[in-house]
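Read off the chains here:
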2 protein chains.
Amino acid sequence: MTESGGRSRTAILQNIAEVFRQYGYEGASLSRFTAATGLGKGSLYNFFPEGKKQMAAEVLEHIQQWFDAEIFSPLETEEDPKVGLTAMFEGTEQYFRSGQKICLMGLLALSVDTAFAVQIRNYFLRWQESLSQALQRQGCSKSNAVDLAEEIVSGIQGALVLAHARGEADVFKRRLVSFKVRLDLPAGHYDERQ
Amino acid sequence: MTESGGRSRTAILQNIAEVFRQYGYEGASLSRFTAATGLGKGSLYNFFPEGKKQMAAEVLEHIQQWFDAEIFSPLETEEDPKVGLTAMFEGTEQYFRSGQKICLMGLLALSVDTAFAVQIRNYFLRWQESLSQALQRQGCSKSNAVDLAEEIVSGIQGALVLAHARGEADVFKRRLVSFKVRLDLPAGHYDERQ
DNA sequence: GTCTATATAGGGATAGAC
DNA sequence: GTCTATCCCTATATAGAC
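Attention here is on the structure that accompanies the text.

About the criteria used
Numbers given for residues are sequential positions, taken from 1 along each chain in its written order. Chains and ligands are labelled by the order in which they are written, letters from A for the one and numbers from 1 for the other. Residues qualify for local features only when their pLDDT is at least 70, as the model is predicted, and side-chain atom pairs are given and counted only at 80 or more; totals for whole chains, interfaces and linings, by contrast, use all residues. Just so you know, side-chain values use all the structure's heavy atoms and leave hydrogens and water out. Convention adopted: a line fitted to C-alpha atoms gives each axis, helices being fitted over their contacting stretch, and angles between N-to-C directions are expressed from 0 to 180 degrees. Strands are runs of DSSP state E lasting at least 2 residues, helices are runs of H or I lasting at least 4, and numbering of each runs from the N terminus. Oblique is the label for any angle not covered by the other classes, which are roughly parallel (under 35 degrees), roughly antiparallel (over 145) and roughly perpendicular (65 to 115). Crossing handedness: left-handed means the near helix sits turned counterclockwise from the far one by under a right angle, and right-handed means the same turn made clockwise. Contact definition: two residues touch when any of their heavy atoms are within 4.5 Å. Note on residue classes: Ala, Val, Leu, Ile, Met, Phe, Trp, Tyr, Cys and Pro are nonpolar, Asp, Glu, Lys and Arg are charged, and everything else, Gly too, is polar. Proximity criterion: a residue is near a molecule or strand once any of its heavy atoms comes within 4 Å of it. Identification of polar contacts relies on pairs of N or O atoms within 3.5 Å, with a donor-acceptor requirement for protein atoms, meaning one able to donate a hydrogen and the other able to accept it, and with residues adjacent in sequence counted only if both atoms are side-chain atoms. In this description, a nonpolar core means a group of buried Ala, Val, Leu, Ile, Met, Phe, Trp, Tyr and Cys residues linked to one another through side-chain atoms lying within 4.5 Å. Accessible area is worked out with a 1.4 Å probe on protein chains only. A residue is then buried under 20% of its type maximum, exposed over 50%, and partly exposed in between. We call a pair of cysteine sulfur atoms a disulfide when they lie within 2.5 Å. Each patch is built from salt-bridge-free residues with over 30% relative accessible area, joining like charges within 9 Å and nonpolar side chains (Val, Leu, Ile, Met, Phe, Trp, Tyr) within 5 Å. Note on areas: these come from Shrake-Rupley sampling with a 1.4 Å probe, and a residue is covered only by the protein chains present in the view. We define a salt bridge as a side-chain nitrogen of Lys or Arg found within 4 Å of a carboxyl oxygen belonging to Asp or Glu. The convention is simple: Lys and Arg are positive, Asp and Glu are negative, and His and the chain ends are not counted. A charge is said to be at NZ when it belongs to Lys, at CZ for Arg, at CG for Asp and at CD for Glu.

Some remarks on the packing of helix α8 (residues 142–166) of chain A against helix α8 (residues 142–166) of chain B
With their axes 6 Å apart at the nearest point, α8 of chain A and α8 of chain B run at an angle of 115 degrees to one another. Taken together, the axis directions place α8 of chain A and α8 of chain B in an arrangement best described as roughly perpendicular. Between α8 of chain A and α8 of chain B lies a crossing of right-handed hand. Packed against α8 of chain A, whose contacting residues are E150, E151, V153, S154, Q157, G158, A159, V161, L162 and R166 of chain A, the element α8 of chain B presents E150, E151, V153, S154, Q157, G158, A159, V161, L162 and R166 of chain B at the interface. Residue composition of the contact of α8 of chain A with α8 of chain B, by class: eight nonpolar, six polar and six charged.

Some remarks on the protein's contact with DNA strand C
In the vicinity of DNA strand C lie 16 residues, with G40, G42 and F47 of chain A together with L30 and Y45 of chain B positioned nearest. Sugar plus phosphate, as a fraction of atoms of DNA strand C within 4 Å of the protein: 69%. Interatomic distance of 2.5 Å between a backbone N/O atom of G40 of chain A and a phosphate oxygen of DNA strand C. Taking Y45 of chain B, its side chain carries an N or O atom lying 2.7 Å from a phosphate oxygen of DNA strand C. Mapped by element, the contributors of at least two residues to the surface near DNA strand C are α3 (41–47) of chain A together with α2 (30–37) and α3 (41–47) of chain B. No other element matches α3 of chain A, which puts four residues into the surface near DNA strand C.

With respect to the nonpolar core
Of all hydrophobic cores here, the largest spans 124 residues; its most connected members are W127 of chain A together with W127 of chain B. Filtering out sequence-adjacent residues up to four positions away, W127 of chain A remains in contact with F67, I71, F72, M88, T92, F96, V153 and I156 of chain A.

Some thoughts on the state of the cysteines
A covalent bond bridging the sulfur atoms of two cysteines is what the word disulfide describes. Under the counting rule described, the total for this entry stands at zero disulfides over all chains. Note on C103 of chain A: no disulfide assigned, nearest cysteine sulfur contributed by C103 of chain B at a separation of 17 Å. Classification of C103 of chain A as buried rests on a relative accessible area of 5%.

Things to note about a negative patch on the surface
Residues E26 and D113 of chain A together with E26 and D113 of chain B make up a contiguous surface patch of negative charge. As for its placement among the helices and strands, D113 of chain A is situated in the loop between α6 (104–109) and α7 (117–137).

A few points about the protein's contact with DNA strand D
DNA strand D sits among 16 residues. The nearest are L30 and Y45 of chain A together with G40, G42 and F47 of chain B. Atoms of DNA strand D within 4 Å of the protein belong to the sugar or the phosphate in 68% of instances, the rest to bases. At 2.7 Å from a phosphate oxygen of DNA strand D is found a side-chain nitrogen or oxygen belonging to Y45 of chain A. Those elements that provide at least two residues to the surface near DNA strand D are α2 (30–37) and α3 of chain A together with α3 of chain B. Top contributing element to the surface near DNA strand D by residue count: α3 of chain B, with four residues. Across the surface near DNA strand D, the residue classes break down as five nonpolar, nine polar and two charged.

Okay, structure coming up:
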């Protein structure tokens, strides 16, 4: 956990992640990384000797760890599944800034590049599996839970796509509310449309 | 509708579209276009004087026209809404090759570039609006139809993301079947998972 | 650890021969 | 209409001074 001029590796990775999110893997360039981090190319290669590939791999690893701790583990270990499910929706809404931020795992999933396929696949499998477990403890049959978990995980990704396509982050919020209602969770304020 | 050595502009646009789908906008390079079309750079600039931007714009226009004719119009004009809805799911499954092909509109929606925002937004608005009309003629209230249409349109996008993330095209097929069942449409063969 | 060259390759785009 | 040659720019990556 070494520091560098007061900037932690985590902070640098967050800057880099933002570049990948905005421009995609191919569009993320060293000059954009230098602008986002304030570090020169030389410094970036000092941190990440293997360059762009390593940056992306570490960003994905970082994302995975965040979701493990904040979303997936609570889904699996909270005694009351409703607590884990509520934490999932709240964490998801915050992480994606209510639909303004996209999912880097989902974005990279759409490219044919196979370099990060394993990390991406594991992320989504773990999400669905941990969600399915919580749904089963809430009373769902196994087959229903597996299917509903797949629907919710894919539904969240689609909501992010549509929210950005429409330029309306509210689309994302509405989809989350819809899922919460189906799961009998407190949905918060829900402004029914006209 | 001029030809060029037997290759129509439509055929060339399809080759170009495939490159955009596989590599994204930033990753789609002139050399990849030449490989995919068999045309040299000079020829490509003869067809598309404004270069890559024009290629993408025409590809999106082409996609819009296909969906207008095959999906959106039937949803709006078929007397029996079930016919239009069934055609939508069949057309969608075929177009995306049962989940193996991604949605270029959805992919570009995730980039921050605003160049194609209008085309992308109109595509998704028209899809939701035409679907909502069919659902209303099937008996849905207006607010339910609007919400369900949003859920289905975003659900299809999410199904494509998850299918590619998991490397299992079956994910896409399962999500479509799930929607068809909810709409009381013939779902075809449905292999319930264990 | 950070920076400024610098090397090499490939990007988009144009000109002009055929 | 198609190609090759060429231009200029930016890309990734490295070397070495500080």
